[in-house]
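# Descriptive analysis of the structure
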Amino acid sequence: MTATTPRPTNASGPARRAAANASAPRKGGKPPVRPGLKLRERREGLAGYAFLTPWLIGFVGLTVGPMAYSLYFSFTRYNLFSDPQWIGLDNYIRLFTDDPQFIQSAQITLVYVLVGTPIKLAAALGIALLLNYRDKGSGFFRSAFYAPSLIGASVSVAIVWRAMFSSNGPVDSGLSIFGIELGGWVGNVSLVVPMMIILAVWQFGGTMVIFLAGLKQVPKELYEAAEMDGAGAMRRFKAVTIPMLSPVIFFNLLLELIGAFQVFASAYIISSGTGGPAGMTNFITVYLYKRAFQDGQMGYAAAIAWVLLVVVAVIAFILFRTQKSWVHYAGDNR
Amino acid sequence: MFNTKRTAALIAAATGTALVLAGCSGGSSGGGGEFDPDEETTLNFAFWGNDVRAGLYDQAIDLFNEEYPNVSVQTSFLPYPDYWERRQTEAAGGGLPDVLATDISYLRQYSENGLLLDLEPYLGEQIDTGPFDEAVLGSGEVADITAGIPISTNAWGLFTNPTLLAEIGVEDFAGGDWDDYTAWIEDTTAAAEAAGVEAWGAGDWTGRIQVFELQQRAQGEELFTEDGEPNFDEDDLRDFWNQTTEQREAGAFIPQQRVEEQLPLGAFDTALTASEMTWDNFGAGYLANLGEGYPELNLIEPPVTEEGAKDLYQKAGMLLSASAGTDHGEAAAIFIDFMVNDPEVGAIFGTNRGLPASETARSSSDLSGLDAQIEEYEASIADRLGDAPPVPIVGFGNIEEEFRVLGTELMFGTVTVDEAVDRFFTEMDVALNS
Amino acid sequence: MTAIRPEATFDEAVRTAKGAPTRRKVSRKSWQTVIWFVALGALTVLVLYPLVWLVFSTFKPNAEFGQNPGLIPESPTIDNYLRVFEGIAGVPLWRFFANSLFIASMAVIGTVLSSALAAYGFARIKFKGVGVLFAAMIGTLLLPFHVVIIPQYVLFNRLDLIDTYIPLILPKFLATEAFFVFLIVQFIRSIPRDMDEAARIDGAGHFRIFWSIIVPLIKPALITCSIFAFIWAWNDFLGPLLYVTSPEQYPLPIALRLYNDQTSASDYGASVTASLLALVPIMAFFAVFQRFLIGGVATQGLKG
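Residues numbered from 1 in each chain as written. Chains lettered and ligands numbered in written order. Predicted model: local features only at pLDDT ≥ 70, side-chain atom pairs only at ≥ 80, totals over all residues. Heavy atoms only, no water.

Labelled according to an unreviewed UniProt entry, chain C appears under the name Sugar ABC transporter permease, originating from Arenivirga flava. Under Sequence similarities (unreviewed entry), UniProt gives the following word-for-word description of chain C: "Belongs to the binding-protein-dependent transport system permease family." UniProt, in the comment section headed Subcellular location (unreviewed entry), describes chain C in these words: "Cell membrane". (UniProt positions renumbered as here; feature names shortened; annotations may be inferred.)

An unreviewed UniProt entry lists chain B under the name Sugar ABC transporter substrate-binding protein, from Arenivirga flava.

This part covers the overall build of chain B. Helix and strand counts for chain B stand at 18 helices and 10 strands. Of all 434 residues assigned to chain B, the portion counted as buried reaches 58%. Counted over contacts in chain B with a minimum sequence separation of 6, partners at least 24 positions apart contribute 76%. Of the roughly 16600 Å² that chain B leaves accessible, carbon and sulfur atoms contribute 46%. (Helix = DSSP H or I, 4+ residues; strand = E, 2+ residues; numbered from the N terminus. Buried < 20%, exposed > 50% of the residue type's maximum accessible area, 1.4 Å probe, protein only. Contact = heavy atoms within 4.5 Å. Areas by Shrake-Rupley, 256 points an atom, 1.4 Å probe, with all protein chains shown as cover.)

This part takes up the interface of chain A and chain B. Where interface size is quoted, it is often the accessible area lost as the parts come together. In this assembly, 38 residues from chain A lie in contact with 40 residues from chain B. Around 3500 Å² of area is buried between chain A and chain B when both sides are counted, 59% of it from carbon and sulfur atoms. One can count 1 salt bridge joining chain A with chain B. Remark: the boundary between chain A and chain B carries 8 residue pairs in polar contact (both at pLDDT 80 or more). Elements with a minimum of two residues in the side of chain A that touches chain B: helix H3 (37-73) and helix H14 (284-294) of chain A. Tallying contributions element by element places H3 of chain A first for the side of chain A that touches chain B, with 8 residues. Class assignment of the residues belonging to the side of chain A that touches chain B gives a composition of 16 nonpolar, 15 polar and 7 charged. (Buried area = accessible area lost by both parts, 1.4 Å probe. Salt bridge = Lys/Arg side-chain N within 4 Å of Asp/Glu carboxyl O. Polar contact = N/O pair within 3.5 Å; in protein donor to acceptor, adjacent residues only side chain to side chain. Nonpolar A, V, L, I, M, F, W, Y, C, P; charged D, E, K, R; others polar.)

All names here are of chain B. Tracing the backbone shows threonine 408 in helix H17 (residues 396-412). Overall, the relative accessible area of 8% leaves threonine 408 in the buried class. Residues threonine 408 and glutamate 260, 148 residues apart in the sequence, show an inter-C-alpha distance of 9.3 Å. The contacts of threonine 408, once residues within four sequence positions are left out, are Gln256 and Glu260. For threonine 408, the side chain forms a polar contact with the main-chain oxygen of valine 405, separated by 2.6 Å.

Turning next to the pairing of strand E1 (residues 41-48) of chain B. All names here are of chain B. Where burial is concerned, most of E1 is hidden: 6 out of the 8 residues are buried. As defined by bridge partners, E1 adjoins strand E2 (residues 71-78) across 8 bridges and the pair is classed as parallel. Considered in E2, the bridge of phenylalanine 45 is made with threonine 75. Relative to strand E3 (residues 99-102), E1 is paired through 2 bridges, and the arrangement is parallel. What sits directly across from alanine 46, in E3, is leucine 100. (Pairing = 2+ DSSP bridges.)

As a further point, take the nonpolar core. Core analysis: the largest hydrophobic core is formed by 276 residues, its most contacted members being Trp55 and Met208 of chain A together with Phe122 of chain C. Aside from chain neighbours lying at most four places away, what touches tryptophan 55 of chain A is Ala118, Phe122, Leu133, Met137, Leu174, Ala175 and Val181 of chain C. Counting 64 residues, the second-largest nonpolar core is a separate cluster that includes Leu158, Val170, Ala202 and Leu410 of chain B. (Core = buried A, V, L, I, M, F, W, Y, C linked by side-chain atoms within 4.5 Å.)

Okay, the pattern of salt bridges next. Should the charged atoms of two oppositely charged side chains come close, the side chains can pair. Taken as a whole, this structure holds 24 salt bridges over all chains when the rule is applied. With a closest N to O distance of 3.2 Å, glutamate 112 of chain B and arginine 108 of chain B form a salt bridge. Of this pair, glutamate 112 of chain B and arginine 108 of chain B are both found in helix H4 (residues 104-112), 4 residues apart, which corresponds to roughly one turn of the helix. By relative accessible area, glutamate 112 of chain B is classed as partly exposed at 44%. When the shortest N-O distance is used, the salt bridge between arginine 238 of chain B and aspartate 418 of chain B registers 2.8 Å. Taken as a pair, arginine 238 of chain B in helix H9 (residues 234-242) and aspartate 418 of chain B in helix H18 (residues 417-432) lie far apart in primary sequence, 180 residues in all. Here the salt bridges share partners, and the residues they tie into one network are Arg291 and Asp295 of chain A together with Glu427 of chain B.

Time to look at a nonpolar patch on the surface. On the surface, a cluster of nonpolar side chains totalling about 420 Å² of accessible area is made up of Leu110, Val111, Leu114, Val115 and Ile119 of chain A. Its place among the elements puts isoleucine 119 of chain A in helix H5 (residues 100-133). (Patch = residues over 30% accessible without salt bridge, like charges linked within 9 Å, V, L, I, M, F, W, Y side chains within 5 Å.)

Below, the discussion takes up the side chain of serine 156 of chain A. Turning to its location among the elements, serine 156 of chain A is positioned in helix H7 (residues 155-165). By relative accessible area, serine 156 of chain A is classed as buried at 0%. Ignoring any residue separated from it by four or fewer positions in sequence, one finds serine 156 of chain A in contact with Ile151 of chain A together with Leu54, Ser271, Val272 and Ser275 of chain C.

Turning our attention to the interface of chain A and chain C. Tallying the contact residues gives 114 residues for chain A and 113 residues for chain C. Buried surface at the junction of chain A and chain C, summed over both partners, amounts to about 10000 Å²; 73% is from carbon and sulfur atoms. On the chain A side of the interface with chain C, the three residues burying the most area are Phe51, Trp55 and Gln217 of chain A, jointly 9% of the side's total. Counting across the chain A and chain C interface gives 1 salt bridge. Residue arginine 200 of chain C is joined to glutamate 44 of chain A by a salt bridge in which the shortest nitrogen-to-oxygen separation is 3.2 Å. If you look at where chain A meets chain C, you find 15 residue pairs in polar contact (both at pLDDT 80 or more). Examining the composition of the side of chain A that touches chain C, we find that 22 residues originate from one element, H3 of chain A, more than from any other. For the side of chain A that touches chain C, the class distribution of residues is 75 nonpolar, 25 polar and 14 charged.

Have a look at this one:
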């Protein structure tokens, strides 16, 4: 380290400084490219598409067609057996004007997303930071915390989760110690959504692993430099960890939101495919699945799916727009 | 060079191809196909069930192969809901197996859309119809074709748990009308509480559409007309649900919360209720789930609505059908005959697939315990048995489920009877028109 | 702190990218360590309790699944294990494990290769149309997959690929799971470009930069992707349900449902036991791979 480390004077901190510093000398050394500008652009284009080839084949061959087809379904009455019949906007109209189940479904899904996502993200990030504090011994904890996420959506999850939250089950008994008498959660209409949120939070391991991978990529030197500059733990966290981790935070935020909006397997398994009790696990995707495969209303299900897509797309778009103000891409600083 | 317009065009083109690719639904034509015993034939055969049933089918197919060594049968099996998800996808995308187990509630949908082979030409030839009761065989006929051959029959019945009743200290339900049954439930629930046993007389019996059907049939009315129109109105349904409103509120039935906590098991499976009305083939499952502590069940007649009415009926519990797209129609028919009629096959399965519909299969299966009880039961209700209703309308499964869900919501108190009636008719409207 | 000098050679850049050993500051604040262990230990108990319950429940006879919600079996038995080890309908248990292992391993290889390539294309190469394609890729994340099942099935049925593993594996080699592409994109974008530029000046093409500089630097991301790809494929239920027909080709998630059938008796003891056994290989996979997530994997080449 030939350190002419700058003192951190502003909020952007050492991270941005390091990047800026790093890119500074490049300008002078860049060989002039004049005649081949067009050619270079073309070469870049070719290279770009070459790297994207496998993805493009999959996208065009396997993804776009079925997606477009599902959009078409949404304007039809399609019972899976006879050819779809074009009915224009009828499915969408029914969805917004004449379907109390959809309204309930949308409401519980929103609660699930708005409450569950922040808690899960905070838990995952917090514990990832804790684990990152030291390496020795953290391997065990990493595995332990990730274990619940391994279990998938087998009937075991249903059995164990129902047992935990039944009347006189561990949760009920545990809360009784503190004088909180809630009884069983599983069959309690107003406690089922919280129970599903706790299930989601319990499976925070995947998100945590991504945060951990992100933390591993933060150069140790940045911390050392900051420490040398006398930055305290909080300051290091704010000025180094957060900006360096922001692309990963952004990723987890977006993907967790999408995942929560599309919650399916856990709710389906826990309710034995019914969406009960009283429709309280009938999240949007569970509802559209039941419409598609149990009721033979694939057209209507597709309409639900596309409404969900638009809602999530708007949220994703807004998130992408906010990136500039808080997500720091070291590789994009030029 | 690579501009957005181009990309868009490219994507559009690709989409077009995929649309053409996907532009197929319904069954492909085909069917028929003569059988030559010397020629190698492969039959794909799918059924629902667990590992136990699969093992029995393996034995049955070994027997079949002793007689028809050149027919290789490729089996595939899944649990019930997964089985139907797979079949629904195949039905939409082409590619049903040659022979498949079907259920009365899906039969109309599949046959009306031309997905099932008409087995009529094989009846009395490759498929022996002698051992079948006329009415039961007829339950596989829909949309003017013979869409399936029944493997088993079942009838609606009332199971009670004598061991649990003894613990509670209450006599078994002695028969009577619906009020008698309700009163018995109230007594049982009260006695259980007094005895310190966590149990109830039953769940709310208005939660199942079959009970509604039973009461309607007692008045001489089917739930749906031959044309698939509903044959009851809002008032009928309101009166039906109101029969137990008082008991629902008084806590005579097991609270819905306790029921939900048992899922995927039921309250009767876990000895929380002393009685349950359902199809009689559910008995074996109950016994297995109840375990050693509750070694026997009683199976008795459901309460009577109208003395002398023919409200009960036998339905095909499980059928075997052939795909309209099969190239081996005759081989499929021979295989189906063997699986439903062969006495040795009957002996292998016993009542694993329900009480055998075929006389030859039934008489050779050595029925004992609960199986014998079920056979006795179906014989004992003979004078209450009427004609089976027409094969359920398309969308019946949806209507049945909505009925069940509303029943649970009535128990939760999240809807009133009037709201439930409204919701049911709205949902039925959608189901019948899609 | 110095950046890579512009005149640094390509080899030098590569060497730095692969990461020189980092000195670690050993914290002497042992009381902090104690708190650390206690806090995480308590959390572990909370998080693992349901799994412990599951382990104990494998020793419960079937009837207790409905009647005994407690942790300890009333009449413990190993029957569940004996039944599971018998296999299902003539198919030995190991066969389902082998099927799952094959599918999951192929998924890891396919996903990591194709997603890393695509991610590099999205993150590091500027060309026309990249923005639209990136948006389209994100778009594929947003549609609930249930409504594309039928068209996809038709596609693979037309190609006569039903009852093969190809519909399960081919999409992995074509990076159809945007989750992985996007994840790697985020990691690549947080790597400063200095070394790329240095390498470019030395005449290295994109592929060399990708392979020799970027891949070593995004190892944590690739490990993460491997873990996820393996576990998701291992647990995937819907894909095999739709595309695999023969019971001897079934992977575990289907096999362990075969103990239950609502229309006859359900063997919850066996299915819970089977699903617990199914956890063992992925636990092992994770335990091995998570090691790569510790200790300065990447130093970003910022060390002088």
